[in-house]
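# Per-entry structural report
Okay, here's what each chain looks like letter by letter:
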Amino acid sequence: MQLNGETIVVDKSEKFSTLVRIGYFSRAILYSVLGLIALTSAGRIGEGTNGIFQAIREFPLGTAILWLMVVGLLAYALFRFASTALDVEHHGTDSTGWATRIGHAGSAIGHLALAYSAYKFATSGSDNGGGAEEAASGVLAVEFGGIVLGLLGIAFFATAVFQAKKGITGSFMNRISHRAPSQTRWIGGAGYLARAVVFLIIGWSLFKAGFMSGGSDQIKTLGDAVASLAGEGIVFTLVAIGILAFGLFSLVLARYRIIPDLGAEGRVPSFRA
């Protein structure tokens, strides 16, 4: 790469770091928009994920924002799939590492469904079929599909536990530069706790659809999970604030997350929480 006439070598570690930071920035967009919609558009949030995308579509430049979300959600989903298959976040191969990586696979699937819904709203103004329901119907149609959904629900349960633990202990700070804003610990903690609640709801919907013959219409995506709390008063408000906080926290991660170099010595970094 040329800069001011000088040749700059960009190694694989730098490219990897850039990809990871783009993934976190995409996640920041998703959670910030969801939190704002939940706090400011009570009618829309009652419609679940479709209500969120419809509200965004009605914003000034709403279609452009939807297309931005399509790109960002796809990028984040691919990053999470890479985390599962290639361990690009260096979680390792012990029981804790594999539990985290399996949870990332569930997150990737959920974000693909959200990207599809955003795409439908950007191109046609609606998503009558429901991306998550269509995907779940396809899984249920194959042999052992119910088991797959049920196991995915269990993976979300496990991930919710890890999210809550991070929020309470603040262990996530082990992977963040000391130059990050001083409020990062509390913003991230609130975000992780809210995310744990949402993941429990998503996990339960998958568990019911897979193991309790609940049907694909039981599946909840991120927006649907938040919407299901709309009648819960202070609980809904706190979760919505926490989701917005997680969006801001993800923006901090995009800048200050410590990302290990790619090397031949192994994948688990010394700063692992």
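Values in this document were obtained by computation on a predicted structure and should not be read as measured data. (Residues numbered from 1 in each chain as written. Predicted model: local features only at pLDDT ≥ 70, side-chain atom pairs only at ≥ 80, totals over all residues. Heavy atoms only, no water.)

## Some remarks on the environment of Arg255
Structurally, the position occupied by Arg255 is in helix H10 (residues 234-256). Sequence separation of Arg255 and Arg179 is 76 residues, and the distance between their C-alpha atoms is 9.9 Å. (Helix = DSSP H or I, 4+ residues; strand = E, 2+ residues; numbered from the N terminus.)

## What to know about the nonpolar core
Grouped burial of nonpolar side chains is what soluble globular proteins tend to show. Membership of the largest hydrophobic core comes to 57 residues, with the highest contact counts inside it found for Ile45, Phe53, Ile56, Met69, Val198, Val226 and Ile243. Non-local contacts of Ile56, meaning those with residues more than four positions away in its chain, are made with Val33, Ile37, Gly62, Ile65, Leu66 and Met69. (Core = buried A, V, L, I, M, F, W, Y, C linked by side-chain atoms within 4.5 Å. Buried < 20%, exposed > 50% of the residue type's maximum accessible area, 1.4 Å probe, protein only. Contact = heavy atoms within 4.5 Å.)

## A few points about the packing of aromatic side chains
In total, this model carries eleven aromatic pairs according to the counting rule given. Consider the rings of Tyr31 and Phe246, whose centres lie 4.9 Å apart with planes at 65°: the pair is edge-to-face. Remark: Phe246 occurs in helix H10 and Tyr31 occurs in helix H1 (residues 12-40); sequence separation between them is 215 residues. Overall, the relative accessible area of 0% leaves Tyr31 in the buried class. Taking the relative accessible area as the measure of exposure, Phe246 reaches 0% and is therefore buried. Taken together, a centroid distance of 5.8 Å and an interplanar angle of 15° make the contact between Trp204 and Phe207 stacked. On the criterion of helical spacing, the pair formed by Trp204 and Phe207 is a turn pair, its members being three residues apart in helix H8 (residues 184-211). (Phe/Tyr/Trp six-rings, centres within 6.5 Å; stacked < 30°, edge-to-face > 60°.)

## Brief notes about unusual backbone geometry
Here Leu61, not a glycine, exhibits a phi torsion of approximately 60°, which is positive. Take Leu61: it is sitting in the loop between helix H3 (49-57) and helix H4 (62-86).

## A look at the packing of H3 against helix H5 (residues 95-124)
Across the interface, H3 lies against H5 with an axial gap of 10 Å and an inter-helix angle of 45°. As the angle between them shows, H3 and H5 are arranged oblique. Considering how the two elements wind past one another, H3 and H5 form a crossing that is right-handed. Side by side, H3 and H5 meet where Thr49, Asn50, Phe53, Gln54 and Arg57 of the first sit next to Leu114, Ser117, Ala118 and Phe121 of the second. Class assignment for the residues of the contact of H3 with H5 results in four nonpolar, four polar and one charged. (Axes fitted to C-alpha atoms, helices over the stretch in contact; angles between N-to-C directions. Parallel < 35°, antiparallel > 145°, perpendicular 65-115°, else oblique. Left-handed = near helix turned anticlockwise from the far one by under 90°. Nonpolar A, V, L, I, M, F, W, Y, C, P; charged D, E, K, R; others polar.)

## Focus on the packing of H4 against H5
Put simply, H4 and H5 touch, their axes get as near as 8 Å, and they point 160° apart. Regarding the angle of H4 to H5, the classification is roughly antiparallel. Crossing of H4 against H5: the hand is left-handed. Class assignment for the residues of the contact of H4 with H5 results in 20 nonpolar, seven polar and two charged.

## Notes on a nonpolar patch on the surface
Judged by side-chain polarity, Ile147, Leu151, Ile154, Trp204, Phe211 and Met212 come together as a nonpolar surface patch covering roughly 560 Å² of accessible area. Listing elements by their share of the nonpolar patch, those giving two or more residues are helix H7 (145-169) and H8. No other element matches H7, which puts three residues into the nonpolar patch. Examined against the element boundaries, Phe211 turns out to sit in helix H8. Phe211 sits in the partly exposed class, given a relative accessible area of 37%. (Patch = residues over 30% accessible without salt bridge, like charges linked within 9 Å, V, L, I, M, F, W, Y side chains within 5 Å. Areas by Shrake-Rupley, 256 points an atom, 1.4 Å probe, with all protein chains shown as cover. Salt bridge = Lys/Arg side-chain N within 4 Å of Asp/Glu carboxyl O.)

## Comments concerning the environment of Trp186
Checked against the element boundaries, Trp186 lands in helix H8. C-alpha separation for the pair Trp186 and Ala245, spaced 59 residues apart in sequence, amounts to 9.1 Å.

The values reported here are purely geometric and, on their own, carry no functional implication.
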